[in-house]
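Each chain is listed here by its residues.
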Amino acid sequence: MNQNSFQTRTGRSVSAVTAEEMLAVDRVAVEDVGLALLQMMENAGRALARQVHDIRDEERVVVVAGNGGNGGGGLACARHLANRDVPVQVVLDRVPRELTGAAAHQHRILEAMSVPVIDAADGLSRLDGPHVAVDALIGYGLSGEVRSPASRYVETMNNRFESVVSLDVPSGIDATTGEILGDAVRPDRTVTLALPKTGLASIDGRLLLADIGIPKTVYHRLDIEYANPFGEHDWVELVR
Ligand SMILES: NC(=O)C1=CN([C@@H]2O[C@H](COP(=O)(O)OP(=O)(O)OC[C@H]3O[C@@H](n4cnc5c(N)ncnc54)[C@H](O)[C@@H]3O)[C@@H](O)[C@H]2O)[C@@H](O)CC1
Ligand SMILES: [K+]
């Protein structure tokens with residue numbers, strides 16, 4: 001198989017992109033084609049919630065969120081789970097007033113819904129009973145080795161939970177090279193968005209690709225080979 005592509009179980013080839021290429025996809029989608037970030041994030045959050053429903057038995061869910069697009073998608077997922085009466089709480093890597101942009105927007109909605117939000121790192125290790133963790137700390141925006149307090153959250157997610165579902169890229173993995181920068185989440189599943197990232201070739205667990213609504217003109221404008229990998233579905237499993 002080409003190093004820069006993944007395959008669906010039915011043998012369709014899917015191009016993989018670097019973090020830089022994905023950033024360009026986002027830019028063209030928003031600036032040239034007119035998609036809104038929150039539109040794509042809504043699809044990301046719903047796709048992630050779908051996989052949590054699938055992996056979960058009776059456990060409670062904890063969404064571990066950072067302040068970027070990855071955290072925002074995790075917070076949208078928390079809303080979708082709460083809407084389906086799943087017991088869910090959120091742990092942030094900072095105090096809520098330090099959230100900005102889309103993450104702050106998603107957090108405001110959770111506050112209005114009274115979804116519990118904890119902002120202390122030790123909150124994660126004090127949870128009672130079995131939990132599924134959603135890893136929405138860092139996605140393709142990782143820069144440098146994972147710093148504290150995120151590094152402590154990564155360690156706790158790896159040691160404390162029944163199962164872990166990562167959004168887009170397991171936190172701590174370089175989305176382009178696959179290198180572990182300091183420490184990284186070892187997920188049971190990763191829900192990657194729009195296109196797989198080149199660094200996902202050797203991660204732990206199952207890899208699912210979710211459709212977040214980006215039309216093919218965006219890929220074609222960037223000379224990225226693309227043929228609908230989803231068929232009539234919203235997500236598809238990828239093999240490496
Ligand atoms: N069209 C898309 O591609 C979409 C992307 N979304 C998500 O947005 C992500 C990209 O968003 P961003 O560019 O905001 O970046 P990320 O959210 O991936 O990363 C930024 C966050 O990571 C933290 N961080 C970065 N390096 C760190 C380090 N070394 N140690 C500790 N913390 C660190 C930052 O403080 C910040 O909270 C994607 O991975 C994806 O999950 C979706 O939410 C919506 C649509
Ligand atoms: K992540």
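Note that the coordinates shown come from a computational prediction; the quantities given were computed from them, not determined experimentally.

1. Quick look at unusual backbone geometry
- In the segment running from Ser148 into Pro149, the intervening peptide bond is cis, with an omega of 5°.
- Tracing the sequence through the fold places Pro149 in the loop between strand 6 (131–136) and helix 6 (150–160).
- Even without being glycine, Ser114 reaches a positive phi, approximately 60°.

2. A word on the site of ligand 1
- The immediate surroundings of ligand 1 are formed by 26 residues, with Asp26, Gly69, Asn70, Gly139 and Asp168 found nearest.
- A distance of 2.9 Å separates an oxygen atom of ligand 1 from a polar atom in the backbone of Asn67.
- Backbone polar atom of Gly69 to an oxygen atom of ligand 1: 2.7 Å apart, as the coordinates give it.
- The protein chains hide 86% of the 870 Å² of surface that ligand 1 would expose on its own.

3. Here's the deal with the coordination of the potassium ion (ligand 2)
- Note on the potassium ion (ligand 2): its protein donors are Asn70 (OD1), Asp135 (O), Ile138 (O), Leu167 (O), Val169 (O) and Ser171 (OG). The metal-donor distances range over 2.7 to 3.1 Å.
- Here the potassium ion (ligand 2) is ringed by six donor atoms whose angles at the metal span 66 to 169°, and the overall shape comes out irregular.
- Here the donor residues of the potassium ion (ligand 2) are spaced in sequence according to N-x64-D-x2-I-x28-L-x1-V-x1-S.

4. Quick word on the UniProt feature "binding site: K(+)" (unreviewed entry) in the protein chain
- Here the UniProt-annotated "binding site: K(+)" (unreviewed entry) positions come out as Asn70, Asp135 and Ser171. For the annotated residues, spread through 102 residues, the largest C-alpha to C-alpha distance comes to 9.5 Å, consistent with a single compact locus.
- Position of Asp135 relative to the elements: it lies in strand 6.
- Once residues within four sequence positions are removed from consideration, Asp135 is found in contact with Val64, Asn70, Met157, Val164, Val165, Ser166, Leu167, Val169, Pro170, Ser171 and Val185.
- Mapped onto the fold, Ser171 is located in the loop between strand 7 (163–167) and strand 8 (189–193).
- Taking relative accessible area as the criterion, Ser171 reaches 0% and is therefore assigned buried.
- With near-sequence residues (within four places) excluded, Ser171 lies in contact with Asp135, Leu137, Ile138, Val154, Asp183, Ala184 and Val185.
- One polar contact links Ser171 to Asp135, side chain to side chain, over a distance of 2.5 Å.

5. Regarding the pairing of strand 8
- Counting buried positions along strand 8 yields five of five residues, so the element is predominantly enclosed.
- Of the two faces of strand 8, the one lined by Arg189, Val191 and Leu193 and the one lined by Thr190 and Thr192 are each fully buried.
- Note: strand 7 against strand 8, three bridges, orientation parallel. By the bridge assignment, Leu167 is partnered in strand 8 with Val191.

Conventions used here
- Residues numbered from 1 in each chain as written.
- Chains lettered and ligands numbered in written order.
- Predicted model: local features only at pLDDT ≥ 70, side-chain atom pairs only at ≥ 80, totals over all residues.
- Heavy atoms only, no water.
- Helix = DSSP H or I, 4+ residues; strand = E, 2+ residues; numbered from the N terminus.
- Near = heavy atom within 4 Å.
- Polar contact = N/O pair within 3.5 Å; in protein donor to acceptor, adjacent residues only side chain to side chain.
- Areas by Shrake-Rupley, 256 points an atom, 1.4 Å probe, with all protein chains shown as cover.
- Donors = N, O, S within 2.8 Å, 3.2 Å for Na, K, Ca; no water.
- Tetrahedral: all angles 85-135°; square planar, octahedral: opposite > 155°, others 65-115°.
- UniProt positions renumbered as here; feature names shortened; annotations may be inferred.
- Contact = heavy atoms within 4.5 Å.
- Buried < 20%, exposed > 50% of the residue type's maximum accessible area, 1.4 Å probe, protein only.
- Pairing = 2+ DSSP bridges.

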